[in-house]
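# Coordinate analysis (summary)
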Amino acid sequence: MELNQIQDEIVDNSAIEKMMKDNRIIKKDLGNGIISLNFGRDIFFNKDWDDVTVKARGLFFNTKTKKIIARSYDKFFNLFEVDTLDDFVDKAAFPVKVWHKYNGFLGILGLNDQTGELFIASKSTDKGEFADMFRSNLLEKIKDKEPQLKEFLKDFDCSMVFEVIHQDDPHMIKYKENDVVLLDIVKNRTTFKAENFELVKGMAKHFGLKNKELVRELKNEQELRDFYEEIEDEDYQLNGERLEGFVFEDRNHFMIKFKTGFYNFWKRMRGAVNRLAKIKEKFPEIEKFINVSYETTMKNYADVKAKYIEVQKAVGQQRRKKSKEESIIFADYNKFTQYIKELDKVRNDSFGNKGDKFFNFVCSKSPEYLRSKSIIELREEFGVKWNFNFY
């Protein structure tokens, strides 16, 4: 064993030991001595990032052989999540490469050093629907070259990181077919080290895979600022197509993400539609009033409120108890009032002027319908119905 390799393993073992002792890190037992190490939800929401937590992201360790068998990137952040554009400019070692960011989920490919079999994982596990989607996409692409892929992973002691695109897991960007995009080849070490892009391209071509796209190489600060001004346009398209965004990577592999206005808007719409469905489900008693457009909902509310005021006045003047029918009017009004409060909160929080027409459209749908459709399907239906090229 070479001295560099011995030193790397000492560093790895020390870093893994820190993660194992750190209560902030989630250790998931996957069986046969394999564990995954990932930062917990509290880390994310509290922004509790340090040298330990940024590494615990899709890291898979064999406790029997004391080897990392698969790993992804260290955690890196959206622009303005931690660093401003000025911060990034100050930190960046030029040139800065700009990569197309695809809109799928992360797939991590390694080799189980005990069994010699491919280790195919997503998020924190090699099991479940996401790992299965990745597995089916990958194996369909590489066909009969699995033995060669295993040999490559073993000889280079590395992992391959992918963006997985699957029709059963739609996001904001529409793709025509299932795919896997090879993003990087990463050494199985706790200290992040990616192989050069020429190797990525070569392996992608050999195994019949698509590799990530280099969009631009920015030589200096002015080129970076000019490019940022270009992509900041809310109607930005890359070669006439919508995309999630970009990954900026400097000479020292410091990376930061940028999301397009189109992506951010429709991600916000997806969250708002989910909130709207939950609110509608809370008020089944007034279903007949609320599964209509927002404009009609407000008209219905005005009608119910007018009836409520009329009944309230009559009961007060006549000093009598409410009839059964009048009690229903009171109940409808109280439920409806609460619904409107919650509905307007979603509208004000998430939609704003730009999303008013889409909000009017989704208000007309039942919660069951909203849950059965992806945001892409709702967006397309909205566009056809309103003849509206939104974004």
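Not measured: the values here are computed from a predicted model.

## Observations concerning the overall build of the protein chain
Across its full length, the protein chain carries 14 helices and 14 strands. Taken along its principal axes, the extent of the C-alpha atoms in the protein chain is 95 × 50 × 45 Å. Per-residue burial over the protein chain gives 50% buried out of 391 residues. The long-range share in the protein chain, meaning contacts at least 24 apart out of those at least 6 apart in sequence, stands at 68%. Total accessible area computed for the protein chain in this model is approximately 20600 Å², and 48% of it derives from carbon and sulfur atoms. Between the mean site of the 69 positive side-chain charges and the mean site of the 68 negative ones, the protein chain shows a separation of 6 Å.

## What to know about the side chain of Lys212
Topologically, Lys212 is positioned in the loop between β11 (210–211) and β12 (214–218). At 3.0 Å, the side chain of Lys212 and the side chain of Asp184 are in polar contact.

## A look at the packing of aromatic side chains
According to the stated counting rule, one finds 30 aromatic pairs in the structure shown. Seen from their ring centres, Tyr308 and Tyr333 are 4.0 Å apart, and the 15° between their planes marks the pair as stacked. Note that Tyr308 is positioned in helix α10 (residues 294–318) and Tyr333 in helix α11 (residues 324–351), a separation of 25 residues in sequence. For the residue pair Tyr308 and Tyr333, the accessibility class agrees, reading buried in each case. An angle of 85° between the planes, with centres 5.3 Å apart, marks the rings of Phe358 and Phe382 as edge-to-face. Of this pair, Phe358 sits in helix α12 (residues 356–363) while Phe382 sits in helix α14 (residues 375–386), placing them 24 residues apart in sequence. Like Phe382, Phe358 is buried. Each residue in the set Phe283, Phe289, Tyr301, Tyr308, Phe330, Tyr333, Phe336 and Tyr339 is aromatic and connected to the rest through ring pairs, giving one cluster. One cation-aromatic arrangement involves Lys365 over Tyr369; the distance from NZ or CZ to the ring centre is 5.0 Å. If you follow Arg379 out to its NZ or CZ, it ends over the ring of Trp266, 5.3 Å from the centre.

## Topic: the sheet that holds strand β5 (residues 77–78)
Strand pairing within a sheet occurs via backbone hydrogen bonds; the two strands may be parallel or antiparallel. Taking strand neighbours across the sheet as the criterion, the five strands line up as β5-β14-β13-β6-β12 in an open arrangement whose pairing is mixed. Taken across any chain shown, the strands that pair with only one partner, and hence form the sheet edges, are β5 and β12. Bridging between strand β13 (residues 245–249) and strand β14 (residues 255–259) involves five bridges; their strand directions are antiparallel. Across the sheet, Phe248 pairs through a bridge with Ile256, a residue of β14.

## Brief notes about the pairing of β13
Extensive coverage of β13 is indicated by the burial of five of its five residues. One ladder, built from five bridges, connects strand β6 (residues 96–101) with β13; its direction is antiparallel. In the sheet register, His100 faces β13, and the bridge partner there is Phe246.

## So, helix α8 (residues 261–281)
Helix length check: α8, at 21 residues, gives a terminal C-alpha distance of 30 Å against a target of 30 Å (1.5 Å per residue), a fit within 8%. Among the residues of α8, those classed as buried are Gly261, Phe262, Tyr263, Phe265, Trp266, Met269, Ala272, Val273, Leu276, Ala277, Ile279 and Lys280.

## Focus on the pattern of salt bridges
Per the counting criterion, the structure on display carries 33 salt bridges. Of the charged contacts in the structure, one is a salt bridge between Lys201 and Glu198, with a shortest N-O distance of 3.4 Å. One end of the pair, Lys201, and the other, Glu198, are both in helix α6 (residues 197–206), three residues apart, so they sit about a helical turn from each other. Judged by relative accessible area, which is 54%, Glu198 ranks as exposed. Shared partners join several salt bridges into a network, and the residues in it are Asp22, Arg24, Asp48 and Asp50.

## Notes on the nonpolar core
Judged by nonpolar contacts, the single largest core of 41 residues is most densely connected at Phe336, Tyr339 and Phe358. When contributions to this core are tallied by element, the ones reaching two or more residues are α8, α9 (287–290), α10, α11, α12 and α14. No other element matches α8, which puts ten residues into this core. Discounting chain neighbours no more than four positions away, the residues touching Phe358 are Trp266, Met269, Val273, Phe351, Ile375, Leu378, Arg379 and Phe382. With 39 residues, the next largest nonpolar core counts Ile120, Cys158, Met160 and Val247 among its residues.

## Some details on the sheet that holds strand β4 (residues 67–70)
The four strands are arranged β1-β2-β3-β4 in an open sheet whose pairing can be described as antiparallel. A single partner strand is all that each edge strand has here, and the edge strands are β1 (25–31) and β4. Strand-to-strand, the axes of this sheet are offset by a mean angle of 35°, without reference to chain direction. As paired strands, strand β3 (residues 59–62) and β4 are joined by three bridges and run antiparallel to one another. Within the sheet, the bridge partner assigned to Phe61 lies in β4 and is Ile68.

The rules we used
- Residues numbered from 1 in each chain as written.
- Predicted model: local features only at pLDDT ≥ 70, side-chain atom pairs only at ≥ 80, totals over all residues.
- Heavy atoms only, no water.
- Helix = DSSP H or I, 4+ residues; strand = E, 2+ residues; numbered from the N terminus.
- Buried < 20%, exposed > 50% of the residue type's maximum accessible area, 1.4 Å probe, protein only.
- Contact = heavy atoms within 4.5 Å.
- Areas by Shrake-Rupley, 256 points an atom, 1.4 Å probe, with all protein chains shown as cover.
- Lys, Arg positive; Asp, Glu negative; His and termini not counted.
- Charge placed at Lys NZ, Arg CZ, Asp CG, Glu CD.
- Polar contact = N/O pair within 3.5 Å; in protein donor to acceptor, adjacent residues only side chain to side chain.
- Phe/Tyr/Trp six-rings, centres within 6.5 Å; stacked < 30°, edge-to-face > 60°.
- Lys NZ or Arg CZ within 6 Å of the ring centre and 35° of its normal.
- Pairing = 2+ DSSP bridges.
- Expected span 1.5 Å × (residues − 1).
- Salt bridge = Lys/Arg side-chain N within 4 Å of Asp/Glu carboxyl O.
- Core = buried A, V, L, I, M, F, W, Y, C linked by side-chain atoms within 4.5 Å.
- Axes fitted to C-alpha atoms, helices over the stretch in contact; angles between N-to-C directions.

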